[in-house]
Structure formats: structure tokens, C-alpha cells
Amino acid sequence: MRSKLFIINVAFLSIVAAQIINVPGDYSTIQAGIDASLSGDTVLVGPGTYNEQIDYKGKQVVVMSTSGADSTIIYNNSTNVTFNTQEGSSAILDGFTLTGSSDYGIYISSYGKPTLRNLVINNKKKGIYLNYDCDVTITNVTITDNEYGIYFSSSQSNVTLTKSIIWDHTSM
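This structure is a prediction, so every number in the text was calculated from the model and none was measured.

Enquirer: Go over unusual backbone geometry, please, and point to the residues and values.
Expert: Of the consecutive residues Val-23 and Pro-24, the connecting peptide bond is found in the cis state with omega at 10°. By the element assignment, Pro-24 lies in the loop between β1 (20-23) and α1 (30-36). A positive phi angle, close to 55°, is found at Asn-118, a residue other than glycine. Here Asn-118 shows up in strand β11 (residues 115-122). Located in the positive-phi region is Asp-145, a residue other than glycine, with phi close to 60°. Structurally, Asp-145 is set in the loop between β13 (135-144) and β14 (148-152).

Written as C-alpha cells, this is what we have:
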């Protein structure tokens, strides 16, 4: 009589629930909220003006205002928001005005594929700067009063633009 030996591998799955981080409730700055987040988390930002630069640092997080672009402003005289570490489409920026007097509203590079929604970008040299091989989804975004609206530094970037306005720039 033959014996059959069955080896059963049991895989242990861990389920981690996404967290909601509140700014300024849990952290005083948007960047501190992003730094404390894990991919899949949401950073909810209350109304106000935030004088800072934010960098997603490769995290697949949602950064969303609770009151919309009219009352939630990220102000910086350099770059307001950076996607520079292969962020995917689940890296979402939603509901802000990005303003300040120089550089970029949003800088995207290194295979960045973020989703940009419900934004106003104004008073920058380049509203959105696409550096290399980016694939960006832009929905309901107004880009106005910049030197350039969307600036492509290479022809290898793609933009999906829906229900957005790009107008009144000093360069073409």
C-alpha cells in the first residue's frame, strides 16, 4: 500500500486597514501627515493656508482638502508639490490652490503617475512641470496666470486631461 504525503503550505495574510490622518488635528503640517502615512492612507487637510513644500516620497497616499481649493491653499515660493519617486495613480492630490511667485506648482519626474483633481494652480513659473516619462491624470484643474501651464521637458510624458482649464499664461 502506498502512502501519500501531502504538504500544505499555509500563507498568513495580514490585513492592514488604511488610516485617516488629519491636518492640522493629528499633525500641524501636510508634510508631517504624509511622512506619518503608509501607502493606502488618506491625509485630510482642513481649510487654511499652508506655507510649505510637500513631497509624496514614493507613497501611494491620498492628500485631500476637506473644504476645497477655495479655502485650502498650499503657498510656497519654490515648488509646492513634488512627485519624484515613481508614485503611481493612487498617489492623489485633491482640492487645493497651489500658489507662490516662482518655480513649479507641481513637479513630476522619474516615472511619476499621480492623479491630480480639483486644483487651482496659479502665479508660478510652470504650473505643472513634467520632467521625464510621466503619465499624469488631471481632472477638474484650473491652471492660470503662470509663465507656462503644463511644461513638458521631454516628449515621453503623457497627460490625460478632463474637465480642466489652462489659460492666460505668459509663454506658449
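Having seen the model, we can carry on.
Enquirer: Any chance you could break down the packing of aromatic side chains for me, citing the residues and the numbers?
Expert: All chains considered together, the criterion is met by seven aromatic pairs. With 5.8 Å between their ring centres and 80° between their planes, Tyr-111 and Tyr-132 make a pair best called edge-to-face. Of this pair, Tyr-111 sits in the loop between β10 (104-108) and β11 while Tyr-132 is found in the loop between β12 (126-130) and β13, placing the two residues 21 residues apart along the sequence. On the basis of relative accessible area, Tyr-111 is assigned to the partly exposed category, the value being 38%. On the accessibility criterion, Tyr-132 (35% relative accessible area) is partly exposed.

Enquirer: Before we move on, could you go through the pattern of salt bridges and cite the residues and values that matter?
Expert: Counted according to the given criterion, the structure contains two salt bridges. Between Asp-94 and Arg-117 there is a salt bridge, with its nearest N and O atoms 3.2 Å apart. Of the two residues, Asp-94 sits in strand β8 (residues 92-94) while Arg-117 sits in strand β11, which places them 23 residues apart along the sequence. Its relative accessible area of 27% is what places Arg-117 among the partly exposed residues.

Enquirer: Which residues make up the nonpolar core, and what are the values?
Expert: Judged by nonpolar contacts, the single largest core of 31 residues is most densely connected at Ile-30, Val-63, Leu-93, Ile-106, Leu-116 and Ile-128. Broken down by secondary-structure element, the contributors of at least two residues to this core are β1, α1, β2 (42-45), β7 (81-83), β10, β11, β12 and β13. Apart from the residues within four sequence positions on either side, Leu-93 is in contact with Ile-54, Tyr-56, Val-63, Val-81, Phe-83, Leu-98, Ile-106, Thr-115, Leu-116, Arg-117 and Leu-119.

Scoring rules and cut-offs
- Residues numbered from 1 in each chain as written.
- Predicted model: local features only at pLDDT ≥ 70, side-chain atom pairs only at ≥ 80, totals over all residues.
- Heavy atoms only, no water.
- Helix = DSSP H or I, 4+ residues; strand = E, 2+ residues; numbered from the N terminus.
- Phe/Tyr/Trp six-rings, centres within 6.5 Å; stacked < 30°, edge-to-face > 60°.
- Buried < 20%, exposed > 50% of the residue type's maximum accessible area, 1.4 Å probe, protein only.
- Salt bridge = Lys/Arg side-chain N within 4 Å of Asp/Glu carboxyl O.
- Core = buried A, V, L, I, M, F, W, Y, C linked by side-chain atoms within 4.5 Å.
- Contact = heavy atoms within 4.5 Å.

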